[in-house]
Amino acid sequence: MLYTIIKENTYQDSIVLMLLSNKLSAIDGVNQVSIMMGTPANKDIFKSSGFDTEALDNAKPNDIVVIVDTDDESKVDEVNEQVDAELKGKGEEDDKSKKQDEASNWNRALELANNPNLALISIPGQYAAMEAETALKNNLNVFMFSDNVAKADEVRLKQMAHEKGLLVMGPDCGTGIIHSLPLAFTNTVNEGDIGVIGASGTGIQEVTTIIDREGKGVTNAIGTGGRDLSTEVGAITMLDSIKALNADPKVKVITVISKPPAKEVEEKVLNLLRNIEKPVVTLFLGSKPTYTEENIYHAYTLEEAARVSVQLSNDETPQFNPTFKENLGIKFADNQDGIKGYYSGGTLASEAAMLVKDTLGDASGEVTPEGFSYKGGNHEIIDLGDDIYTQGRPHPMIDPSKRIEMLETSSDDPSTAVIMLDNVIGYGSHDDMASELAPTIKTILDKVKANGRSLAVLATVVGTQHDHQGYDNQVKTLKEAGAIVCETNDQMVRTALNLVGSSVAQPKLSTKSFDSEPVDLTVDEKVMNLINMKPSVINIGLKSFTEAIQASDAPVVQFNWRPIAGGDEKLMKVLQFLNNYEGETV
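- Going by what an unreviewed UniProt entry lists, the chain is known as Acyl-CoA synthetase FdrA and is assigned to Staphylococcus ureilyticus.

Next up, the structure:
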């Protein structure tokens, strides 16, 4: 039975509400609790998830909606009381802390900020473009964590930023490091002379954390958003970022990470890189390189890109020697060959799918099921951060429940030989994901052994010892549960393939040279100021991002955004136009 509770005019950010949903769903006698703001998009998510109630239609965008699925009506009052207690506690915590300047509108945020030059935006996607435009009009660079932003808005905003000498990172930009300041979901890495530009969040995290563990460092890791290298967007942010890192005297090596771009966009990016004298490493993940160039090394995997970047930083000749865990002593039955990968990092899932297909052949058929990076034969690689799995629930970097379910289900499949897991730590991630996954890992390994079968659980930790979760602690916990812990995703997938009797063929690269068209390499002073000093930030949305910025001793103003005009997008755009026309901001 479904019951609906509406908390009128009580705004909270989505991550707080999703974590609260998980906590309340654990109450005895409660099947599930789902909590979101009453925006039109969230109402659609409620309905598509089977939480469609008559009262839901009455909720407004500034209302918190709590839907309780229970067979015991008395549990509704218990849930209601806990929601009130949690929200009251959150409010008292905010009142007591006063750790940062806070604003509720643009005028106040700009008044409080100390020469701001970056807006970090993490509000619902349907409103994010409007706030990004206001930021650009106030000469702020933009880091847009928000997703579900229309591509036409992305093109318009990035063209506007380029003309003003600014950067728009995103939308759907999950990771960034600007002059050693971690933004959104990222890791604490050493400062150094390698500059990274990436169209993927966990791709940046994998590369920068390997660099850190190799004893080198990164000053800037600029996220572009996954659509930047599409034909429509034309790599506006990527191209401007390459020029900026080229002009930065602290950057010795430039590393570029992306899935294969549109062909004409790839040619534009490579032409720019061929105009640069600094050593460059590129990774167009999913495209198997066949050649390298005098000044541009084309990598096959994320680990290769990271290790070659370190070698170039050390003035060494680039050479990648991939590894896998050997002599593990695991014997499988004749019909036991399935590799299952359950990832929180979408780019890591894509890399795993690529390596499996390149090694075993593509048996996926014409259509890959939604949410799968690969499904063929007894093999499946799933990106559990895909929208299909995260609607109305936290990202798997925060919430272990879906992966625990997948571990239990796949271990019961007699064809499963190897299960692969990533544990992405750092800012924004679970405080101790290894301890959440470890009991299930131990349980399934014990169960399979008792049934006379073999099973290998492989894991990799994406992070550094500087991250608050502690890299070594996470590795130790997973090993104690029985997991075989690999240093990188590349090593984990190669180990999985070796266990089922196959090995990855590393590409053999010839050397080629290309002519290039001259390119204007000048960079606007505003972009150089952004990457050459810790930015002054206006954080529009998630308070946890403000806390991470504060921990790095950077100036930040928390903008406690909520939709105006009842969340009516058309009316909000009219008000924005009128305010901008009058020379003011909302």
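What follows continues from the structure just given.
1. Observations regarding the packing of helix H8 (residues 236–247) against helix H17 (residues 525–532)
In helix packing, the relevant descriptors are the interaxial angle and the interaxial distance, both defined with respect to the helix axes.
(1) Moving on: The N-to-C vectors of H8 and H17 enclose an angle of 65°; their axes lie 10 Å apart at closest approach. Relative to H17, H8 is oriented roughly perpendicular. The chirality of how H8 crosses H17 is right-handed. Where H8 abuts H17, its residues Ala244, Leu245 and Ala247 lie against Val527, Met528 and Ile531.
(2) Moving on: Grouping the constituent residues of the contact of H8 with H17 by class yields 6 nonpolar, no polar and no charged.

2. Remarks on the environment of leucine 19
(1) Moving on: Residue placement: leucine 19 occurs in helix H1 (residues 14–25).
(2) Moving on: C-alpha separation for the pair leucine 19 and arginine 393, spaced 374 residues apart in sequence, amounts to 8.1 Å.
(3) Moving on: Not counting residues up to four positions away in its chain, the partners in contact with leucine 19 are Pro394 and Ile398.

3. Describing the UniProt feature "domain: CoA-binding" (unreviewed entry) in the chain
(1) Moving on: If you check UniProt for "domain: CoA-binding" (unreviewed entry), the listed places come out as residues 191–284 in our numbering.
(2) Moving on: Split by type, residues 191–284 is 38% helix and 23% strand. Its first and last C-alpha atoms lie 25 Å apart.

4. Regarding the packing of helix H7 (residues 201–213) against helix H11 (residues 346–360)
(1) Moving on: Running from amino to carboxyl end, H7 crosses H11 at an angle of 80°, the nearest separation of the two axes being 6 Å. When the axes of H7 and H11 are compared, the pair comes out roughly perpendicular. Of H11, the residues touching H7 (which contributes Thr202, Gly203 and Glu206) are Gly346, Thr347 and Leu348.
(2) Moving on: In terms of residue class, the contact of H7 with H11 is made up of 1 nonpolar, 4 polar and 1 charged.

5. What to know about the pattern of salt bridges
(1) Moving on: All chains considered together, the criterion is met by 28 salt bridges.
(2) Moving on: Among the salt bridges present, the one from lysine 340 reaches aspartate 413, with a minimum N-O distance of 3.2 Å. Here the residue lysine 340 occupies a position in strand E16 (residues 338–343), and aspartate 413 occupies one in the loop between helix H13 (401–411) and strand E19 (416–424), the gap between them amounting to 73 residues.
(3) Moving on: The class of aspartate 413 is partly exposed, set by a relative accessible area of 28%.

6. Description of a negative patch on the surface
(1) Moving on: A surface patch of negative charge is lined by Asp71, Asp72, Glu73, Asp77 and Glu81.
(2) Moving on: Assignment of secondary structure puts aspartate 72 in the loop between strand E3 (64–70) and helix H3 (74–97).
(3) Moving on: A residue is classified by how much of its surface remains accessible, and aspartate 72, at 34% relative accessible area, is partly exposed.

7. Quick notes on the packing of aromatic side chains
Two aromatic rings, taken as a pair, are described by how far apart their centres are and by the angle between their planes.
(1) Moving on: Enumeration according to the criterion identifies 6 aromatic pairs in this entry.
(2) Moving on: When the ring of phenylalanine 145 is compared with that of phenylalanine 185, the centres are 5.5 Å apart and the planes differ by 50°; the resulting orientation is tilted. Of this pair, phenylalanine 145 sits in the loop between strand E6 (141–144) and helix H6 (151–164) while phenylalanine 185 sits in the loop between strand E9 (181–184) and strand E10 (194–198), placing them 40 residues apart in sequence.
(3) Moving on: The exposure class assigned to phenylalanine 145 is partly exposed, which follows from its relative accessible area of 21%.
(4) Moving on: By relative accessible area, which is 8% here, phenylalanine 185 ends up buried.

8. Topic: the sheet that holds strand E18 (residues 379–383)
(1) Moving on: Taken in spatial order, the 6 strands of this open sheet run E17-E18-E16-E19-E20-E21, and their pairing is mixed. Where the open sheet ends on each side, the last strands, each with one partner, are strand E17 (372–376) and strand E21 (484–486). Neighbour-to-neighbour, the strand axes of this sheet turn through a mean angle of 15°, independent of strand direction.
(2) Moving on: Strand direction decides the pairing type here: E19 and strand E20 (residues 456–462), joined by 7 bridges, are parallel. Across the sheet, residue isoleucine 419 finds its bridge partner in E20, namely valine 457.
(3) Moving on: Sheet strands in contact with H11 are E16, E17, E18, E19 and E20, and its direction is about 160° off that of E18.
(4) Moving on: Where helix H15 (residues 471–480) meets the sheet, its contacts fall on E19, E20 and E21, and the angle it forms with E20 comes to roughly 175°.

Parameters and conventions
- Residues numbered from 1 in each chain as written.
- Predicted model: local features only at pLDDT ≥ 70, side-chain atom pairs only at ≥ 80, totals over all residues.
- Heavy atoms only, no water.
- Axes fitted to C-alpha atoms, helices over the stretch in contact; angles between N-to-C directions.
- Helix = DSSP H or I, 4+ residues; strand = E, 2+ residues; numbered from the N terminus.
- Parallel < 35°, antiparallel > 145°, perpendicular 65-115°, else oblique.
- Left-handed = near helix turned anticlockwise from the far one by under 90°.
- Contact = heavy atoms within 4.5 Å.
- Nonpolar A, V, L, I, M, F, W, Y, C, P; charged D, E, K, R; others polar.
- UniProt positions renumbered as here; feature names shortened; annotations may be inferred.
- Salt bridge = Lys/Arg side-chain N within 4 Å of Asp/Glu carboxyl O.
- Buried < 20%, exposed > 50% of the residue type's maximum accessible area, 1.4 Å probe, protein only.
- Patch = residues over 30% accessible without salt bridge, like charges linked within 9 Å, V, L, I, M, F, W, Y side chains within 5 Å.
- Areas by Shrake-Rupley, 256 points an atom, 1.4 Å probe, with all protein chains shown as cover.
- Lys, Arg positive; Asp, Glu negative; His and termini not counted.
- Charge placed at Lys NZ, Arg CZ, Asp CG, Glu CD.
- Phe/Tyr/Trp six-rings, centres within 6.5 Å; stacked < 30°, edge-to-face > 60°.
- Pairing = 2+ DSSP bridges.

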